[in-house]
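# Fold and geometry: a report
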Amino acid sequence: MTLRRRALLRTFGLTAIGTQLLPLANPSKRIAQTNLSPKSAIVKPRRLQVGDTVALINPAAFNYEKEVQPFFKALDKLGLKIKLGEHFYDRYGYLAGKDADRAADVNTAFADDSVRGIFTGMGGWGCGRILPLLDYNIIGNNPKIIMGFSDITALLLAIHAKTNIVTFHGPLGASTWSPFTVYSLKKILFDGGSVTLQNSKSVQIETIGRGTARGKLIGGNLSVIAAMVGSAYLPTWENSILFVEEVGEEVYRIDRMLTQLKLAGILDKISGFIFGQCTKCEAETPQESLTLPQVLSDHIRPLKIPAWYGSMVGHIQDKFTLPIGLEVEIDADSGTIKLLESAVS
């Protein structure tokens, strides 16, 4: 996901005002890297309830104030109160403030006992820069819902890898917050249902490999995952269900990133594969390009695992909320993702 595509993420909004989070002491101090021992079971954050307060932070690119009004309206309808991170409207070039300040807002939101969930404003780029600055002991001792997508993938995967907390791939503050999106979020984060996620009838899937599989759901933005390969911030891939999505990448780049995952041994470890939506991914010269289905077939069919293309995941208006780290069962023939248990406590 290239930085120039930040404009694709900008949607809707007018000025939104919220209570600010108070910073932790010494927010600029670099946090020593913590490698928590792997736990035997996942850690589920507490479900959201009407009247809860949630934080809105910006760990990556900056937001214009007008962009988050749909978020404020949607959360008001859900009965939630909002605290803004102290540095939410900061700017440092294309980032939402300096690395230490963005990291401090993450740490503060987890440490704040009044905050029950954490939402993120914008993707773009920036989460990778703050991963070494996060206090994974604070995060691990205060499990909370944290959600976003696009560049927020790095934050979601790192937190799950370091603490075993279930994190959530879902709408950003700058997303459209359509009825479908809000309904999916409510079923997962409020109701805590063991639901089966399936595309609306108007959004077709293409099966790559038939059958069913079970595994831990892991994934997010493809280019972010590829950029994290070789770091200490990715979870284990054995017997996982990998889901990916993209925006603004030509087909050869998708090919290159999937090749990177193959060469790193990741694709050989997964038990299932889901490609969501690839928005504005058309080749500049189609007559000289493979198609996306051809590339997916080349990489995924030889794995002989259940797989499909076209799930309602990605830079689209109507999207699922997906729990990262939760055990799921997928059916590649029908394109369904069945949560085998509640993602929240």
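Residues numbered from 1 in each chain as written. Predicted model: local features only at pLDDT ≥ 70, side-chain atom pairs only at ≥ 80, totals over all residues. Heavy atoms only, no water.

### Side note on the overall build of the protein chain
For clarity, the cut-off: Going along the chain from the N terminus, every DSSP run of H or I of four or more residues is numbered as a helix, and every run of E of two or more is numbered as a strand. The cut-offs for exposure are 20% and 50% of the maximum accessible area for each residue type, with area from a 1.4 Å probe on protein chains only; residues under the lower value are buried, those over the upper are exposed, and the others partly exposed. By definition, residues are in contact when any of their heavy atoms lie within 4.5 Å. Areas reported here follow the Shrake-Rupley algorithm with a probe of radius 1.4 Å; residue values treat only the protein chains shown as occluding.
For the protein chain, the helix and strand inventory stands at ten helices and 15 strands. Residues counted as buried form 59% of the 345 residues belonging to the protein chain. Put simply, 83% of the contacts in the protein chain that link residues at least 6 apart link residues at least 24 apart. Only carbon and sulfur atoms are counted for the fraction: they give 51% of the accessible area of the protein chain, which is about 13,800 Å².

### Quick look at the sheet that holds strand 12 (residues 307–309)
Put simply, the test is: In this analysis, strands are considered paired if DSSP registers two or more bridges between them. Working convention: axes come from line fits to C-alpha atoms, limited for helices to the stretch in contact. Angles between N-to-C directions cover 0 to 180 degrees.
One open sheet holds the eight strands; their spatial order is 7-15-14-9-10-11-12-8, and the pairing between them is mixed. The sheet terminates laterally at strand 7 (196–198) and strand 8 (206–209), the two strands that pair on one side only. Going from strand to strand, the sheet's axes swing by 30° on average, the running direction of each strand aside.

### Focus: the packing of helix 9 (residues 251–263) against helix 10 (residues 292–300)
Our working definition: Between 65 and 115 degrees an angle is taken as roughly perpendicular, under 35 as roughly parallel, over 145 as roughly antiparallel, and anywhere else as oblique. In this scheme the crossing of two helices becomes right-handed for a clockwise turn of the near helix relative to the far one and left-handed for an anticlockwise turn of less than a right angle. As a working rule, the residues Ala, Val, Leu, Ile, Met, Phe, Trp, Tyr, Cys and Pro are called nonpolar, Asp, Glu, Lys and Arg charged, and the rest polar, with Gly in that last group.
Close contact between helix 9 and helix 10 brings their axes to 9 Å; oriented N to C, the two are set at 15°. By the angle class used here, helix 9 and helix 10 are roughly parallel. Here the hand of the crossing between helix 9 and helix 10 comes out right-handed. Contact residues: Val251, Ile254, Asp255, Leu258 and Thr259 in helix 9; Leu292, Val295, Leu296 and His299 in helix 10. Along the lines of polarity and charge, the residues of the contact of helix 9 with helix 10 split into six nonpolar, two polar and one charged.

### Structural notes on the confidence of the model for the protein chain
Using the following cut-off: Every residue gets a pLDDT, meaning the predictor's confidence in that residue, from 0 to 100.
Put simply, the protein chain has an average pLDDT of 91, and 88% of its residues get 70 or more. Considering only residues more than four positions removed or in separate chains, one finds that residues 7–19, a stretch of pLDDT under 50, has 44 contacts. Confidence drops under pLDDT 50 across residues 24–39; counting only partners more than four residues distant or on other chains, this segment forms 29 contacts.

### Concerning the state of the cysteines
Rules: Defined by distance alone, a disulfide is two cysteine sulfur atoms within 2.5 Å.
Applying the stated criterion to the full structure yields one disulfide. A sulfur-sulfur distance of 2.2 Å marks the disulfide that ties Cys278 to Cys281. The sign of the S-S torsion, about -85°, decides the handedness of the disulfide formed by Cys278 and Cys281: left-handed. Note on accessibility: Cys278 and Cys281 belong to one class, buried.

### Here we look at the environment of Ser114
Selection criterion: Pairs of N or O atoms are called polar contacts if they sit within 3.5 Å, as long as, within protein, a hydrogen donor faces a hydrogen acceptor (for residues adjacent in sequence, only side-chain-to-side-chain pairs).
With respect to the helices and strands, Ser114 occurs in the loop between helix 3 (99–111) and strand 4 (115–120). Measuring from C-alpha to C-alpha, the distance between Ser114 and Lys83 comes to 9.6 Å, with 31 residues separating the pair along the chain. Other than its neighbours up to four places away in sequence, Ser114 contacts Thr53 and Lys83. Reaching out from Ser114, the side chain makes a polar contact with the side chain of Lys83 at a distance of 2.7 Å. Within polar-contact distance, the side chain of Ser114 engages the side chain of Asp112 at 2.7 Å.

### Focus: the packing of aromatic side chains
So the rule is basically this: Two rings belonging to Phe, Tyr or Trp (six-membered ring only in the last case) form a pair when the distance between their centres is within 6.5 Å. Interplanar angles under 30 degrees mark stacking, angles over 60 mark edge-to-face geometry, and anything in between is tilted.
Counted according to the given criterion, the structure contains ten aromatic pairs. A ring pair is formed by Phe62 and Tyr64, whose centres lie 5.2 Å apart and whose planes are at 80°; its orientation type is edge-to-face. Accessibility expressed as a relative area gives 5% for Phe62, which makes it buried. Accessibility expressed as a relative area gives 38% for Tyr64, which makes it partly exposed. Between Phe273 and Phe275, the aromatic rings sit 6.4 Å apart at their centres with planes inclined by 50°, giving tilted as the arrangement.

### Here we look at the nonpolar core
Just so we agree on the cut-off: Take the buried residues of types Ala, Val, Leu, Ile, Met, Phe, Trp, Tyr and Cys, join any two whose side-chain atoms come within 4.5 Å, and each joined set is a nonpolar core.
Among the nonpolar cores identified, the biggest contains 104 residues, and Phe119 and Phe273 are the most heavily contacted of them. No other element matches helix 6 (residues 153–163), which puts six residues into this core. Beyond its immediate sequence surroundings of up to four residues, Phe119 is in contact with Leu48, Val54, Ala55, Leu56, Ile57, Phe71, Leu75, Met147, Trp177 and Leu185.

### Quick look at the pattern of salt bridges
Going by this rule: Here a salt bridge means any side-chain nitrogen of Lys or Arg lying within 4 Å of a carboxyl oxygen belonging to Asp or Glu.
This structure, assessed with the given rule, holds twelve salt bridges. Across the salt bridge formed by Arg253 and Glu249, the nearest N and O atoms sit 3.4 Å from each other. Its relative accessible area of 18% is what places Arg253 among the buried residues. In this structure, a network of salt bridges that share partners links the residues Asp99, Arg102 and Arg129.

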